[in-house]
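Below are the chains, spelled out letter by letter.
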Amino acid sequence: MNIFNEAEIKEINNVIKQNLVLGKDNYAQESLKTSEVKFVNLGKIQNYINPFLEFCLTANNNFFGFDLHPLTSFKKLNYNIYDEGTEYSWHIDAVPADPVRDIKLTALLNLSEESYEGGELVLFRANEIICNEFNTPGSAIIFPSYINHKVNKIISGKRHTLAIWMSGPKFR
């Protein structure tokens, strides 16, 4: 689904770059991840990405029905930068070993300002599903975090995405 136009994407990227914070990206450590990951607190960009947040909550209400914790202003979001030759191999975002919560939904927003080749998001549900519609800047996608997925190697250009992991009480 396309949510933002080119001018809005530039504004979101500028606000993110002005508000980066320290963080760690230590999920899916068994996977090959060669992209650069930066972090921003939701509270610093929330007013700029509200349509994306509404998309996420509406999708959960209409398609998934997961019990989710509220998103707080201190929630760290991943700002992923894929340059030529970078990729992220097969992985899941769920963390089954966490004793308190489960990451239930992965929500991605394409914030690319320049065109790129490669970098397709691929989901695996009985077979590979290439999400070509997510290659459009300003588009968003959401899927359960336990679905295996990858980002194909960037052939040329640069790909920027913002990731939100929505968690909730342990699955029962």
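Coordinates for the structure precede this section.
Residues numbered from 1 in each chain as written. Predicted model: local features only at pLDDT ≥ 70, side-chain atom pairs only at ≥ 80, totals over all residues. Heavy atoms only, no water.

Draft legend 1. Spotlight on the packing of aromatic side chains. Applying the stated criterion across every chain yields a total of 4 aromatic pairs. When the ring of F66 is compared with that of F171, the centres are 5.4 Å apart and the planes differ by 75°; the resulting orientation is edge-to-face. Placement of the pair is F66 in the loop between α2 (42-64) and β3 (76-82) and F171 in the segment after β12 (159-169), with a sequence separation of 105 residues. In this structure F171 comes out as partly exposed when scored by relative accessible area, which is 41%. With centroids separated by 6.0 Å and ring planes inclined at 85°, the aromatic side chains of W90 and F124 adopt a geometry described as edge-to-face. Taken together, the residues W90 in strand β4 (residues 88-91) and F124 in strand β7 (residues 121-124) connect sequence positions 34 residues apart. Classification of W90 as partly exposed rests on a relative accessible area of 29%. Feature note: the residues F64, F66, Y146 and F171 constitute an aromatic cluster, connected by ring pairs. The ring of F171 has K104 sitting right over it, with the charged end atom 4.6 Å from the ring centre. Across the ring face of Y82, the terminal group of R159 is positioned such that the distance to the ring centre comes to 5.0 Å. (Phe/Tyr/Trp six-rings, centres within 6.5 Å; stacked < 30°, edge-to-face > 60°. Helix = DSSP H or I, 4+ residues; strand = E, 2+ residues; numbered from the N terminus. Buried < 20%, exposed > 50% of the residue type's maximum accessible area, 1.4 Å probe, protein only. Lys NZ or Arg CZ within 6 Å of the ring centre and 35° of its normal.)

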